[in-house]
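Chain by chain, the residues:
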Amino acid sequence: MRTMYGRGRPLRAAIYTCCLAAFLFFGYDQGVFGGILQNKHWLEQFDHPSDTITGITVASYCFGAFFGCILNIFIGDYFGRRKMIWIAMGFIFIGASLQTSAYTLSHLIIGRIITGLGTGIDSSTVPMYQSELSKKENRGQVVSWEIWFIGIGIVLAYWIDYGFSYVDSDVAFRAPIGIQLIFAVVVTIIVWGLPESPRWLAKRGRIDEAREVLCAVFDVPDDDPWVLSEIRAIEAAIAIERGSGAGTVSALFKNDILQTRKRTILAWFGLFMNQWSGINLVIYYMPTVLVVNVGMSPGRAQLIAGFVELMFPIGNTLPALYLDRMGRKRTMMIGCTILSICMLFISVLLSVNKPACSSASIAFFFIYLLVFGATINVVPWVWGPEILPLEARAKGTAVSVSSHWIWNACIVLITPILINRIGWKTYLIFMILLALFVPGVWYFYPETSGLSLEEIDNIFLPEGHKVNPGEYDAVLGGDVTPDSEKGGLRKTEEKV
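To start, this report covers the structure provided alongside it.

Conventions adopted
Residues numbered from 1 in each chain as written. Predicted model: local features only at pLDDT ≥ 70, side-chain atom pairs only at ≥ 80, totals over all residues. Heavy atoms only, no water. Axes fitted to C-alpha atoms, helices over the stretch in contact; angles between N-to-C directions. Helix = DSSP H or I, 4+ residues; strand = E, 2+ residues; numbered from the N terminus. Parallel < 35°, antiparallel > 145°, perpendicular 65-115°, else oblique. Contact = heavy atoms within 4.5 Å. Nonpolar A, V, L, I, M, F, W, Y, C, P; charged D, E, K, R; others polar. Expected span 1.5 Å × (residues − 1). Salt bridge = Lys/Arg side-chain N within 4 Å of Asp/Glu carboxyl O. Buried < 20%, exposed > 50% of the residue type's maximum accessible area, 1.4 Å probe, protein only. 1 Å grid on protein atoms, 1.4 Å probe; cavity = no way out; pocket = protein on both sides within 12 Å on 5 of 7 lines; lining within 4 Å. Points joined across faces, edges and corners; volume = space filled by probe spheres on them. Core = buried A, V, L, I, M, F, W, Y, C linked by side-chain atoms within 4.5 Å.

### Things to note about the packing of helix α14 (residues 298–326) against helix α15 (residues 328–352)
Alright, step 1. Where α14 meets α15, the closest approach of the two axes is 7 Å, and the angle between their N-to-C directions is 115°. When the axis of α14 is compared with that of α15, the two are roughly perpendicular. Across the interface between the two elements, L323, D324, R325 and M326 from α14 touch R328, R330 and T331 from α15.
Alright, step 2. Grouping the amino acids of the contact of α14 with α15 by side-chain chemistry returns 2 nonpolar, 1 polar and 4 charged.

### Brief notes about helix α8 (residues 180–191)
Alright, step 1. Taking 1.5 Å of rise per residue, 12 residues should cover 16 Å, and α8 covers 17 Å from first to last C-alpha, within 8% of that figure.
Alright, step 2. In this structure, the buried residues of α8 make contact with α1 (9–32), α4 (81–100), α5 (105–132), α6 (139–164) and α7 (171–178).

### Quick word on the pattern of salt bridges
Where charged atoms from two side chains of opposite charge come close, those side chains can pair.
Alright, step 1. Tallied over the entire structure, the rule returns 13 salt bridges.
Alright, step 2. E230 is paired through a salt bridge with R199; the nearest N and O atoms lie 2.6 Å apart. Note that E230 is positioned in helix α11 (residues 225–243) and R199 in helix α9 (residues 198–203), a separation of 31 residues in sequence. Here E230 matches R199 in class, with each residue buried.

### Some thoughts on empty space enclosed by the protein
Alright, step 1. For the structure shown, the criterion picks out 3 cavities of 30 Å³ or more.
Alright, step 2. Counted as a void, the largest cavity has a volume near 90 Å³.
Alright, step 3. Along the walls of the largest cavity sit Q30, I150, I154, N274, Q275, I279, N280, F312, F372, N377, W381 and H404, which together make up its complete lining.
Alright, step 4. Grouping the amino acids of the lining of the largest cavity by side-chain chemistry returns 6 nonpolar, 6 polar and no charged.

### Some details on the nonpolar core
Alright, step 1. Counting 134 residues, the largest nonpolar core has W42, L194, L290, Y368, L369 and W405 as its most contacted members.
Alright, step 2. In terms of residue count, α1 provides more of this core than any other element does, 14 residues in total.
Alright, step 3. Setting aside chain neighbours within four positions, we find W42 in contact with F33, I36, L37, P49, L108 and F173.
Alright, step 4. Membership of the second largest hydrophobic core comes to 5 residues, among which are I73, A392, A398 and V399.

### Brief notes about the packing of helix α17 (residues 379–387) against helix α20 (residues 453–460)
Alright, step 1. In the contact formed by α17 and α20, the axes pass within 9 Å of each other and the chain directions differ by 80°. The orientation of α17 with respect to α20, classified from their angle, is roughly perpendicular. Residues P385, E386 and I387 of α17 pack against L453, I456 and F460 of α20.
Alright, step 2. In terms of residue class, the contact of α17 with α20 is built from 5 nonpolar, no polar and 1 charged.

### Side note on unusual backbone geometry
Alright, step 1. Here the phi dihedral of H48 falls at roughly 45°; this positive angle occurs in a residue that is not glycine.
Alright, step 2. You will see that N353, though not glycine, has its phi angle at about 60°, which is positive.
Alright, step 3. Relative to the helices and strands, N353 is located in the loop between α15 and α16 (355–374).

So this is what it looks like as structure tokens:
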């Protein structure tokens, strides 16, 4: 087992630092462009692009990330979690360098696509890696911290953009873009000394290494009852999932005993809700919204946008500390309800078309980002890796995160056009969708707080096929075996 950080707390701290740095980069890269779209040097360098060209330029990063997720579907399980993080950082080094040195839009767009490829791999690998190295009692909390760092990255990007806006040269936009390379360097160095996911090792038949990783991460002896139970649970889950053929790409959409198709759709739709809440209208285009819809000057708009974005990590602090107590479903339903109300008030206030009412709408942008950070920003990212069965987790997580990026691309592509063409009516689209998400979450999604990844399998297995902790030994000892025709388990007949 590879580790440079010892055992127990130092090793867990290194894992957390690597994952948090990866998501700090993720947030920074999402936020950095929003703060330079109104920068005069950027506009002059790229010949004042139209709203359509601006949308294409911003969306190119998201399209790249979408294809990064698709790439991860096919190679993620082969290379493992650590190597995929390295591959992601390689794309990011190349893409960020091209963006920083761009003098034409085509040059810039190619750089954004390549950076996006790395971000797609990164964002569909890191939450899964973190989930598989966490105990059930705090899995939601530690993954929530990753999402909290997305908010920190976005805010950091906005304020760096604002600071560099006073530089009277093209350094005003090149330096903020180039700074993202620092985060990629940090992740690349730290991940070198980290262990592989124990669940990935177990899937490859490397059970002793998987046990060794669990013992090292949680600093317990190899005969610790929790480690023995965890290894038995992982092996039993693998036995069930292989019996149902859950490891292939086509199996993601197979209506098997594990309900893999339903679970893949739930993971995918979680991040669909995340995007169609309207968040990237705020993240990428907040200064543009304040200039076009509210009537502010570009300088003041960028300053106010920086304060609005601060609400993101502040709101995210609550689930980062308490998500496993708050519950997944309730948090999502409350969040969708409040965000729908915020979009309604923003629409109404902007429709009046008076300076006082337009300025008042800013308050609801503050509330929107605060509530989004505390609810819809977090839960779908936690749901994805934990809802999916182990055999389908790498491919299924990549599919679910591809939803984030393809709809992210769609929204950032159409947003500048919508803002300029239909104005306040844009927010009504998101208001309606958010209201519709509430009954959808209530009816279709299970509550997964406080359950191990193997216990979540039992939610989806039908009666008669559920595996209780006491049955793990039976599964592995031969009294119960995978049913290759129906999936799940069946009793093994004794031979006379």
